[in-house]
Number of protein chains: 2
Amino acid sequence: MVRAMNEYKYQSLAKRLINKIEQGLLQSGDRLPSIRQLSSQYKLAKVSVQHALHYLEARGMVEARPRSGYYVTAVIRQTQPKLDSKFEDKPGLVEVPNIFHQIMSKGAAFDLCPLAPLHDHMPHTQFLHRFISRAQRQDSRRNAVYYSPPEGDLRLRKQIQNHYKTRNCALHEDQVCITSGCQNSLFIALMACCNPGDTIAIESPAFYGVLQIAQQLRLKVIEVSCSAITGLNADDLEKIIAKWPVKACVVTPSYATPTGACMPYHEKQKLADLAEKHNIYLIEDDIYGDLGFTLLPEPLKRFDRRGNVILCGSFSKSLSRDLRVGWISGGSLHDKVIHLKLVNQLSCGQAVQTGLASFLSEGHYRRHLNRYRQQLRQRRDNLVQALVQTFGSEVSYTVPEGGLALWVELPPNLDTHKMYLPLLAKGINITPGVLFSSQRRYLNYLRLSFAHTLDKHRKNALSTIKQHIDGLYMSPKSD
Amino acid sequence: MVRAMNEYKYQSLAKRLINKIEQGLLQSGDRLPSIRQLSSQYKLAKVSVQHALHYLEARGMVEARPRSGYYVTAVIRQTQPKLDSKFEDKPGLVEVPNIFHQIMSKGAAFDLCPLAPLHDHMPHTQFLHRFISRAQRQDSRRNAVYYSPPEGDLRLRKQIQNHYKTRNCALHEDQVCITSGCQNSLFIALMACCNPGDTIAIESPAFYGVLQIAQQLRLKVIEVSCSAITGLNADDLEKIIAKWPVKACVVTPSYATPTGACMPYHEKQKLADLAEKHNIYLIEDDIYGDLGFTLLPEPLKRFDRRGNVILCGSFSKSLSRDLRVGWISGGSLHDKVIHLKLVNQLSCGQAVQTGLASFLSEGHYRRHLNRYRQQLRQRRDNLVQALVQTFGSEVSYTVPEGGLALWVELPPNLDTHKMYLPLLAKGINITPGVLFSSQRRYLNYLRLSFAHTLDKHRKNALSTIKQHIDGLYMSPKSD
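Parameters and conventions
Residues numbered from 1 in each chain as written. Chains lettered and ligands numbered in written order. Predicted model: local features only at pLDDT ≥ 70, side-chain atom pairs only at ≥ 80, totals over all residues. Heavy atoms only, no water. UniProt positions renumbered as here; feature names shortened; annotations may be inferred. Helix = DSSP H or I, 4+ residues; strand = E, 2+ residues; numbered from the N terminus. Buried < 20%, exposed > 50% of the residue type's maximum accessible area, 1.4 Å probe, protein only. Contact = heavy atoms within 4.5 Å. Areas by Shrake-Rupley, 256 points an atom, 1.4 Å probe, with all protein chains shown as cover. Lys, Arg positive; Asp, Glu negative; His and termini not counted. Charge placed at Lys NZ, Arg CZ, Asp CG, Glu CD. Core = buried A, V, L, I, M, F, W, Y, C linked by side-chain atoms within 4.5 Å. Pairing = 2+ DSSP bridges. Axes fitted to C-alpha atoms, helices over the stretch in contact; angles between N-to-C directions. Phe/Tyr/Trp six-rings, centres within 6.5 Å; stacked < 30°, edge-to-face > 60°. Domains from an automatic or database assignment. Buried area = accessible area lost by both parts, 1.4 Å probe. Salt bridge = Lys/Arg side-chain N within 4 Å of Asp/Glu carboxyl O. Polar contact = N/O pair within 3.5 Å; in protein donor to acceptor, adjacent residues only side chain to side chain. Nonpolar A, V, L, I, M, F, W, Y, C, P; charged D, E, K, R; others polar. Least-squares fit on C-alpha atoms with pLDDT ≥ 70 in both. Parallel < 35°, antiparallel > 145°, perpendicular 65-115°, else oblique. Left-handed = near helix turned anticlockwise from the far one by under 90°. Right-handed = clockwise from strand over helix to strand, strands pointing away. Arc of directions from axis to C-beta.

You'll find chain A entered in an unreviewed UniProt entry as PLP-dependent aminotransferase family protein, with Alteromonas sediminis given as the organism. Its UniProt record gives chain A a comment under Sequence similarities (unreviewed entry), which states: "In the C-terminal section; belongs to the class-I pyridoxal-phosphate-dependent aminotransferase family."

## Some points on the overall build of chain A
Across its full length, chain A carries 16 helices and 14 strands. Along the longest, intermediate and shortest principal axes, the C-alpha atoms of chain A span 65 × 60 × 50 Å. The buried share among the 479 residues of chain A stands at 65%. Counting only contacts in chain A whose residues sit at least 6 apart along the sequence, the fraction spanning at least 24 positions is 75%. Accessible area for chain A stands at about 18700 Å²; split by element, carbon and sulfur atoms hold 50% of it. In chain A, 61 side chains carry a positive charge and 42 a negative one; their mean positions are 4 Å apart.

## Topic: the nonpolar core
Core analysis: the largest hydrophobic core is formed by 226 residues, its most contacted members being I200, I283 and F315 of chain A together with I200, I283 and F315 of chain B. Not counting the four nearest positions on each side in its chain, F315 of chain B is found in contact with L156, I160, S320, L323, V325, W327, L356, L360 and Y365 of chain B.

## A closer look at the sheet that holds strand β5 (residues 199-204) of chain A
All names here are of chain A. An order of β3-β6-β5-β7-β8-β9-β10-β4 is seen for the eight strands of this open sheet, with the pairing classed as mixed. At either end of the open sheet lies a strand with only one pairing partner, and these are β3 (92-93) and β4 (177-179). Pairing of strand β7 (residues 246-251) with strand β8 (residues 281-285), which is carried by four bridges, proceeds in the parallel orientation. In the sheet register, A248 faces β8, and the bridge partner there is Y281. Against the sheet, helix α8 (residues 182-193) makes contact with β4, β5, β7, β8, β9 (309-314) and β10 (326-329), and its axis sits at roughly 160 degrees relative to β9, the strand it touches most.

## Quick look at the packing of aromatic side chains
What describes a pair of aromatic rings is the distance from one ring centre to the other and the angle between the planes of the rings. Residue and element names in this part refer to chain A. Per the counting criterion, the structure on display carries 30 aromatic pairs over all chains. Between Y10 and Y55, the aromatic rings sit 6.1 Å apart at their centres with planes inclined by 75 degrees, giving edge-to-face as the arrangement. Remark: Y55 occurs in helix α3 (residues 46-58) and Y10 occurs in helix α1 (residues 9-22); sequence separation between them is 45 residues. Given the relative accessible area of 5%, Y10 is considered buried. Y55 sits in the buried class, given a relative accessible area of 17%. Between Y208 and F436, the ring centres sit 5.4 Å apart and the planes meet at 50 degrees, which makes this aromatic pair tilted.

## What to know about the domain arrangement of chain A
Residue and element names in this part refer to chain A. Examined at the domain level, chain A breaks down into domain 1 (9-72) and domain 2 (125-365). In this structure, domain 1 and domain 2 have C-alpha centres spaced 32 Å apart. Across the contact, eight residues belong to domain 1 and eight residues belong to domain 2. Here domain 1 and domain 2 share an interface that buries about 750 Å² over both sides, 70% of which is from carbon and sulfur atoms. For the pair domain 1 and domain 2, the number of links is zero salt bridges. At the junction of domain 1 and domain 2, the tally comes to zero residue pairs in polar contact (both at pLDDT 80 or more). For the side of domain 1 that touches domain 2, the leading source of residues is α3, giving five residues. By residue class, the composition of the side of domain 1 that touches domain 2 is four nonpolar, two polar and two charged.

## Regarding the relation of the copies chain A and chain B
For the pair chain A and chain B, the best superposition has an RMSD of 0.2 Å and corresponds to a rotation of 180 degrees with a translation of 0.0 Å parallel to the axis. Overall, the copies show the geometry of a two-fold rotation axis. Distance from the rotation axis, computed per C-alpha, reaches its smallest value in chain A at S133 of chain A: 3.0 Å.

## Quick look at the packing of helix α7 (residues 154-165) of chain A against helix α13 (residues 350-361) of chain A
A packed helix pair is summarised by two numbers, namely the angle formed by the two axes and the spacing between the axes. Residue and element names in this part refer to chain A. Look at α7 against α13: their axes get within 8 Å of each other, and the N-to-C directions meet at 40 degrees. Taken together, the axis directions place α7 and α13 in an arrangement best described as oblique. Viewed along their axes, α7 and α13 form a crossing whose handedness is left-handed. Residues R155, L156 and Q159 of α7 pack against Q350, Q353, T354, L356, A357, L360 and S361 of α13. Of the residues assigned to the contact of α7 with α13, the class counts are four nonpolar, five polar and one charged.

## Focus on the sheet that holds strand β11 (residues 396-397) of chain B
For sheets, the rule is that strands pair by backbone hydrogen bonds, running either parallel or antiparallel. Residue and element names in this part refer to chain B. The strand order across the open sheet built from four strands is β11-β12-β14-β13, with neighbouring strands paired in antiparallel fashion. What marks the edges here is a single partner per strand, and that holds for β11 and β13 (431-432). Direction of pairing for β13 relative to strand β14 (residues 445-449): antiparallel, over a ladder of two bridges. Bridge pairing in β14 places T431 opposite R447. Each of β11, β12 (405-409) and β14 touches helix α14 (residues 364-391); the most contacted strand, β12, lies at about 20 degrees to it.

## Focus: the pairing of β5 of chain A
Residue and element names in this part refer to chain A. Burial analysis of β5 places six of its six residues in the buried class, the great majority of the element. By the bridge criterion, six bridges tie β5 to strand β6 (residues 220-225) in an arrangement that is parallel. Each residue of the ladder has a partner; that of E203, found in β6, is V224. With respect to chirality, the unit in which β5 leads through helix α9 (residues 208-216) into the neighbouring parallel β6 is right-handed. Sheet topology note: the β5/β7 ladder contains four bridges and is parallel. Counterpart to T199 in the pairing with β7 is V246.

## With respect to the pattern of salt bridges
All names here are of chain A. Per the counting criterion, the structure on display carries 44 salt bridges over all chains. Put simply, E394 and K466 hold a salt bridge, and the shortest N to O gap is 2.8 Å. A residue pair is termed long-range when its members are at least 10 positions apart, and E394 in the loop between α14 (364-391) and β11 (396-397) and K466 in helix α16 (residues 456-474) qualify at 72 residues. A cluster of three or more residues bridged by salt bridges with shared partners is formed by D273, E276, R305 and R306.

## With respect to helix α15 (residues 416-425) of chain A
All names here are of chain A. Buried within α15 are the following residues: T416, M419, Y420 and L423. All buried residues of α15 fall inside an arc of 125 degrees around its axis, so they share one side. A side-chain oxygen of the first residue of α15 lies 2.9 Å from the backbone nitrogen of H417; this N-cap is D415.

## Considering the interface of chain A and chain B
In this complex, chain A contributes 64 residues to the contact, which on the side of chain B involves 64 residues. Here chain A meets chain B over a buried area of about 5600 Å², counting both sides, of which 55% is carbon and sulfur. When the buried area of chain A at its contact with chain B is split by residue, R141, Y146 and Y147 of chain A rank highest and sum to 13% of it. Scanning the region where chain A abuts chain B turns up 39 residue pairs in polar contact (both at pLDDT 80 or more). Mapped onto the side of chain A that touches chain B, the elements with two or more residues apiece are α4 (98-107), α5 (123-138), α6 (140-145), α8, α9, α12 (334-345) and α13 of chain A. Here the element with the most residues in the side of chain A that touches chain B is α5 of chain A; it accounts for seven residues. Split by residue class, the side of chain A that touches chain B holds 26 nonpolar, 27 polar and eleven charged.

## Overview of the pairing of strand β1 (residues 62-65) of chain B
Residue and element names in this part refer to chain B. As paired strands, β1 and strand β2 (residues 69-72) are joined by four bridges and run antiparallel to one another. In the strand pairing of β2, R65 is matched with G69. Two successive antiparallel strands, β1 and β2, enclose a turn made up of three residues, where R67 displays a positive phi of approximately 55 degrees.

## What to know about the packing of α14 of chain A against α16 of chain A
Residues and elements named next belong to chain A. Between α14 and α16, whose axes approach to 10 Å, the crossing angle comes to 30 degrees. Classified by chirality, the crossing of α16 by α14 is right-handed. Counted together, L383, A386, T390 and F391 of α14 and L462, S463, I465, K466 and I469 of α16 form the full contact between these two elements. Residue composition of the contact of α14 with α16, grouped by class: six nonpolar, two polar and one charged.

## Here we look at the environment of Y255 of chain B
Inspection of the secondary structure puts Y255 of chain B in the loop between β7 (246-251) and α11 (265-278). Each C-alpha atom of the pair Y255 of chain B and I287 of chain B lies 8.8 Å from the other, and the pair is 32 residues apart in sequence.

The structure is reproduced here in structure tokens:
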């Protein structure tokens, strides 16, 4: 098999298969040849074939069906070339306009219609409550008079260690510190590795929470243009490091918000190597890491040898936003991280940690995830279908293989930020693209969430957005 | 009545009464003349007499008995002149040695023997649990998918507003933001009003949590020498403001840790006026404000006219350390405070806030406080008695009228920091004085907590400390 220079074998196989799918030689629902067949056909090691299939899976082009093989996915993928833009920035301080804060605090609701009735079946919440309630009863007196240690409850830290084993990542319990959520972990991580005035690299588009932390800690940011499918590219980051004094890079390798991009296995490895070589910190936002629909992708932390990777995660997206329990594994800065946790908020609640530890140790978290990931995938498909029905070819969008949201590109003359208030007045809560950049990029983009069942309220909301856009075109004052 | 220049009328009456108590003309248990009698005897307005009595009460020299009058308190107070030291510092960055962090995280346990069995009767904890558990059940699905707003639950904020009314302080619900505890509030407060390199004034001795925040935020601190009885003196602060570019002052006006000092009513007023005049922020640590044994003292915030006072509080010391619920009222910086809360940790748990709001609205918090404040007073008396029995006249100490701890001065050649590890090896957890200063002051001091019942384990711990000290004197190498 002929392959380009600097290309891994698996990449060249992946390209071939993508070509076949794009040319229609392999169609939706078609079963791919088996790993054994592909291996002999292309004269590749099985492990390379597997990587190629994982790569296609991460791009949402094929799906694994247990005990059956790989199939071309049912939903027709857009090739979305428009979604990727290339640019070169200089580092600069972040200025977040005040109106954005309001949008951001609502945007965290991750819902088009937060006031609509809840239809989602969530058997795990009552179950989870029972565990926490029991923990509250059992040690209520002791918990009332003693703070939990700043690094958090040992049993919970052990459970988090065990959980990361399922994702191929060895994480010692002493390297886990409990926080009150992933935002809190990211805040602590950036305080631990940066001083005011330092430069950090961020993905573009980036999670807006990171932009806000950078603003408050007076860090300069430089945006790295990312693929909406495969996320951050290590080579692109290296060029920026060569040019600017980058101290750390914040990255969401697995199902980044807003795009849902997932970095391929080798790209993660390359990024970790790069951080080691240039002695910079990688702050890994792993909040969606457990929400891969078919894969449970390796975290970046798995490739960390010298403690350059600071892993941040939380149960908020995977279990409940009411827990306020996250974690951070600080690498070479872990002692400092624990101290910052103490200084920032002393400790987290003990009962909720104990309850969670039991919930995890009895396997309920894993069982919930297995159910939930299937649900989310179905909800993604429903949302994509509704997008096609409502907008036709007017929009392009990502079709992520994990996470909670997708990234929608509207025609270039539209400004979703200007649509925010008129739509809010109609009870619709959109998350405008401009929130995801410090450079007023992505004006014609939207993040849409599939965290909720696509009920009639949300379908109507999509229609209302479409009508609003049509109205803008008809209005002579549209700009 | 002859009074010194610059002295309020109530101060001169208070002095006279103190003299009578110290000379034995008024003895423990004696009933003071009524307010009406004192008013006519000294030709003073009733309000001045009341202030004088409040002042004596704050100093622990008299106590109010409902529907009966004021009595000289039963415990014999030391005059403790040695506890107050005067000094002049320059502002400087804080360096907290690493070993201190460990002591501090243990010190937060507020207990001599943290592993001893719990004897304290705490009926409120189960009751509180029932409210929170009910809240968890009722809205578990909605709470699982939506974050609480960054400023916190409206019902809880209203309850906090109502609660401050009982302390004579009007606080609008829109001026209350929920945090995850008082340490978190202080962290946010200092981030809101200072930039790295700015100078803040702190009490000396000061709460060590504030020293650690200053270190992390790279703030310079200047210590203001304080009275162990009446806390910060506004005139002393004014001299420092005249000399140094002070941006903010962190102060615990009501039952400061470690001394238990309580600022008199007029001194609070003076301090608030001073902040307004010089345009500095006062960060009020009100965590012990609900724990006055006889008084519920006015917070500093009550005297705030232009938003210079940032009030920080929590339910941790008064209700349960497991709640992780505190609050902050940011004055003129309140919008920034809410934004920092969002950036720092997005939101707090919804169920715990709802449960607390119900607990408060049904009057359970007030009932619990009434019981608990009596308990604490009894525990303080027991600890003072044990101190006298164990150490005789070797130590002097404060006898606070509220809070959870008192401040013990050992002979000047002792260093409590050096006693820390040997005593820890015996299962005894002391909080050395050096933690409460950035200038290696208070080497021969200890903070002792009366948050717990003085059981045989804690009595034995005091004896072990005494034996350890005696051993140091006998050892030729003691230094």
